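# A closer look at the structure
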Amino acid sequence: MAGSQDMFDAIVMADERFHGQGYQEGYEEGSSLGIIEGRQHGALHGAKIGSEIGCYQGFAFAWKYLLLSYTTKKDSKKMKVLESLIGMIQKFPYDDPTYDKLHEDLDKIRGKFKQLCSLLNVQPDFKISTEGSGLSF
Amino acid sequence: MSWVQAAALVGCPGDEGDVFDETADESLLVQREWRNHMHRRVKEGYRDGVDAGKAVALQQGFNQGYKEGAEVIINYGQLRGTLSALLSWCHLHDNGSALIGKINNLLDAVGQCEEYVLKHLKSITPQPHVVDLLDSIQDMDLCHVVPVEKKIDEAKDETLCENNVEFNKNCSKIPSGMDCSYLEYCRTQQHAYSESPSLTWILEQTASLVKQLGISVDVLQHLKQL
């Protein structure tokens with residue numbers, strides 16, 4: 001009885017061993033495939049966010065300079081919204097996909113940007129597609 | 001892929017195709033069945049491993065790529081945003097339409113640059129690892145003509161090429177390393193000529209345009225890191 005039990009164990013062990021051997025190799029192969037595939041997707045998503053945030057940032061900084069240096073009538077309302085937008089952008093971890101409030105904050109930044117544009121009475125066209133800025137698969 | 005080899009070694013030549021050999025020992029059949037079963041187990045394990053490895057690595061790769069993509073593109077975005085601000089400023093203050101046209105052209109140029117970089121990001125292709133290639137070639141049983149030393153040389157060459165473009169010159173003297181180094185070289189040249197200069201060119205143009213608008217170039221100070 002003990003003998004057949006040993007035999008059975010040996011078979012199960014061999015089964016596991018062969019499976020494990022294949023698994024190990026497959027795992028390594030799968031890991032490098034996953035890194036490559038994930039990186040491609042990630043780069044595109046990151047670029048979308050980076051492009052949009054960079055745009056708001058460049059726009060806000062340039063306007064801040066223009067308002068401070070080239071307007072005689074200082075408009076505190078415009079400046080306040082502008083400063084608030086800059087603050088939001090600087091706090092925003094645009095390169096971190098694991099940031100849990102990324103979408104929430106991004107929407108707030110978009111809203112603030114729209115508010116600024118209407119205050120400035122301008123309608124910039126960045127040609128940004130706001131779709132598909134997802135975080136994971 | 002060493003299990004492919006292992007499996008091939010287990011199989012004795014000549015014992016294929018005689019499934020209906022009535023004189024065959026029953027134990028031989030059992031043996032073969034066992035072997036097939038184990039072969040299948042290795043394959044199953046491999047598949048499970050690929051799935052598991054991929055599942056773990058996908059998110060890791062995504063996060064890595066996300067950071068890279070965001071960091072590369074943000075500068076272009078900043079430049080685009082700045083140009084848009086200047087454009088809207090011009091519209092509000094009714095500056096000459098010639099300058100407005102110029103800004104629009106520069107905006108298009110930034111867009112093209114960005115598209116180029118995006119295309120570049122999309123085509124991040126797996127760098128073939130020499131070790132993997134050799135492994136596959138060995139598995140295919142095609143390489144017994146190639147002396148081991150030469151293989152190691154090639155491996156060395158290619159590693160050097162990947163690590164440092166400077167080594168290309170040395171590499172290309174060795175015929176075996178030539179293809180790799182030449183391609184690497186072309187890619188680097190292409191990279192150097194068609195990407196950064198156009199961005200600096202756009203920046204220069206932007207600076208001169210700002211002066212024409214009668215605005216201090218300080219309006220571009222946030223773009224310093226470009």
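Note that the structure is predicted; figures quoted are calculated from it, not measured.

This next bit is on the overall build of chain A. Counting secondary structure elements, chain A contains three helices and zero strands. Split into buried and exposed, the 137 residues of chain A put 41% on the buried side. With an accessible surface of roughly 7,600 Å², chain A has 54% of that area assigned to carbon and sulfur atoms.

For chain B, the count of helices and strands is eight helices and zero strands. Start at the N end of chain B and walk to the C end: the helices and strands fall as α-α-α-α-α-α-α-α. Among the 226 residues that make up chain B, the fraction classed as buried is 32%. In chain B, 61% of the contacts between residues at least 6 apart in sequence involve partners at least 24 apart. Accessible area for chain B stands at about 13,900 Å²; split by element, carbon and sulfur atoms hold 57% of it.

On the surface, M7 and I11 of chain A together with W34 of chain B cluster together to form a nonpolar patch covering roughly 300 Å² of accessible area. Examined against the element boundaries, W34 of chain B turns out to sit in helix α2 (residues 26-93).

Between chain A and chain B, the residue contacts involve 63 residues of the former and 60 residues of the latter. Between chain A and chain B, the buried area comes to about 5,200 Å², and carbon and sulfur atoms account for 68% of it. Summed over the shared surface of chain A and chain B, the result is four salt bridges. The shortest N-O distance in the salt bridge between E37 of chain A and K54 of chain B comes to 3.2 Å. For the pair chain A and chain B, the number of links is 23 residue pairs in polar contact (both at pLDDT 80 or more). Residue composition of the side of chain A that touches chain B, by class: 31 nonpolar, 23 polar and nine charged.

All right, on to the environment of L121 of chain B then. Residues and elements named next belong to chain B. In this fold, L121 is placed in helix α3 (residues 97-122). Judged by its relative accessible area of 9%, L121 is buried. C-alpha of L121 to C-alpha of G69: the two residues are 52 residues apart in sequence and 7.2 Å apart in space.

Let's shift gears to the nonpolar core. The nonpolar side chains of a soluble globular protein tend to be buried, and buried together. The biggest cluster of nonpolar side chains holds 63 residues, and the ones touching the most others in it are I53, F59 and W63 of chain A together with I215 of chain B. Secondary structure elements with two or more residues in this core: α1 (2-70), α2 (76-91) and α3 (102-120) of chain A together with α2, α3 and α8 (196-212) of chain B. Here the element with the most residues in this core is α2 of chain B; it accounts for 13 residues.

So, about the packing of α2 of chain A against α3 of chain A. Helices that pack against each other are described as a pair by the angle of their axes relative to one another and the distance between those axes. Residue and element names in this part refer to chain A. Relative orientation of the contacting elements α2 and α3 amounts to 155°, with a least axis distance of 10 Å. One way to sum up the angle between α2 and α3 is to call them roughly antiparallel. Judged by the sense of rotation from one axis to the other, the crossing of α2 with α3 is left-handed. Of the residues in α3, those in contact with K77, K78, V81, L82, S84, L85, M88 and I89 of α2 are K108, I109, K112, F113, Q115, L116, L119 and L120. When its residues are assigned to classes, the contact of α2 with α3 shows ten nonpolar, two polar and four charged.

A few words now on α2 of chain B. Residues and elements named next belong to chain B. Here α2 spans 97 Å end to end across 68 residues, near enough to the 100 Å set by a 1.5 Å rise per residue. Taking the largest bend as the criterion, α2 deviates by roughly 35°, centred on I74. Backbone geometry just after α2 places D94 at a positive phi near 55°.

So, on to the confidence of the model for chain B. All names here are of chain B. Counting all residues, the mean pLDDT for chain B is 72, and 56% of those residues have values of 70 or more. Highest mean pLDDT in chain B belongs to α2 (93); lowest belongs to helix α6 (residues 168-171) (39). Low confidence marks residues 155-195, where pLDDT is under 50. Its contacts with residues over four positions away, or in another chain, come to 36 contacts.

Here we come to the UniProt feature "domain: Essential protein Yae1 N-terminal" (unreviewed entry) in chain B. Mapped onto the present numbering, the UniProt feature "domain: Essential protein Yae1 N-terminal" (unreviewed entry) falls on residues 45-83 of chain B. Taken as a whole, residues 45-83 of chain B contains 100% helix and 0% strand, while its terminal C-alpha atoms sit 56 Å from one another.

Relative to the helices and strands, Q78 of chain B resides in helix α2. Looking at Q78 of chain B, the relative accessible area reads 5%, which means it is buried. Within the structure, Q78 of chain B has its side chain in polar contact with the side chain of Q57 of chain A (distance 2.6 Å).

In total, this model carries eight aromatic pairs over all chains according to the counting rule given. Taken together, a centroid distance of 4.5 Å and an interplanar angle of 35° make the contact between Y56 of chain A and F113 of chain A tilted. Highlighted residues: Y56 of chain A in helix α1 and F113 of chain A in helix α3, separated in sequence by 57 residues. F113 of chain A carries the same exposure label as Y56 of chain A, and that label is buried. One aromatic cluster in this structure is built from W63, Y65 and Y70 of chain A together with W89 of chain B. When the ring centre of F18 of chain A is taken as reference, the NZ or CZ atom of R17 of chain A above it lies at 5.2 Å.

Thresholds applied
- Residues numbered from 1 in each chain as written.
- Chains lettered and ligands numbered in written order.
- Predicted model: local features only at pLDDT ≥ 70, side-chain atom pairs only at ≥ 80, totals over all residues.
- Heavy atoms only, no water.
- Helix = DSSP H or I, 4+ residues; strand = E, 2+ residues; numbered from the N terminus.
- Buried < 20%, exposed > 50% of the residue type's maximum accessible area, 1.4 Å probe, protein only.
- Areas by Shrake-Rupley, 256 points an atom, 1.4 Å probe, with all protein chains shown as cover.
- Contact = heavy atoms within 4.5 Å.
- Patch = residues over 30% accessible without salt bridge, like charges linked within 9 Å, V, L, I, M, F, W, Y side chains within 5 Å.
- Salt bridge = Lys/Arg side-chain N within 4 Å of Asp/Glu carboxyl O.
- Buried area = accessible area lost by both parts, 1.4 Å probe.
- Polar contact = N/O pair within 3.5 Å; in protein donor to acceptor, adjacent residues only side chain to side chain.
- Nonpolar A, V, L, I, M, F, W, Y, C, P; charged D, E, K, R; others polar.
- Core = buried A, V, L, I, M, F, W, Y, C linked by side-chain atoms within 4.5 Å.
- Axes fitted to C-alpha atoms, helices over the stretch in contact; angles between N-to-C directions.
- Parallel < 35°, antiparallel > 145°, perpendicular 65-115°, else oblique.
- Left-handed = near helix turned anticlockwise from the far one by under 90°.
- Expected span 1.5 Å × (residues − 1).
- Bend = angle between axes of the 7 residues up to and from the residue.
- pLDDT = per-residue confidence, 0-100.
- UniProt positions renumbered as here; feature names shortened; annotations may be inferred.
- Phe/Tyr/Trp six-rings, centres within 6.5 Å; stacked < 30°, edge-to-face > 60°.
- Lys NZ or Arg CZ within 6 Å of the ring centre and 35° of its normal.

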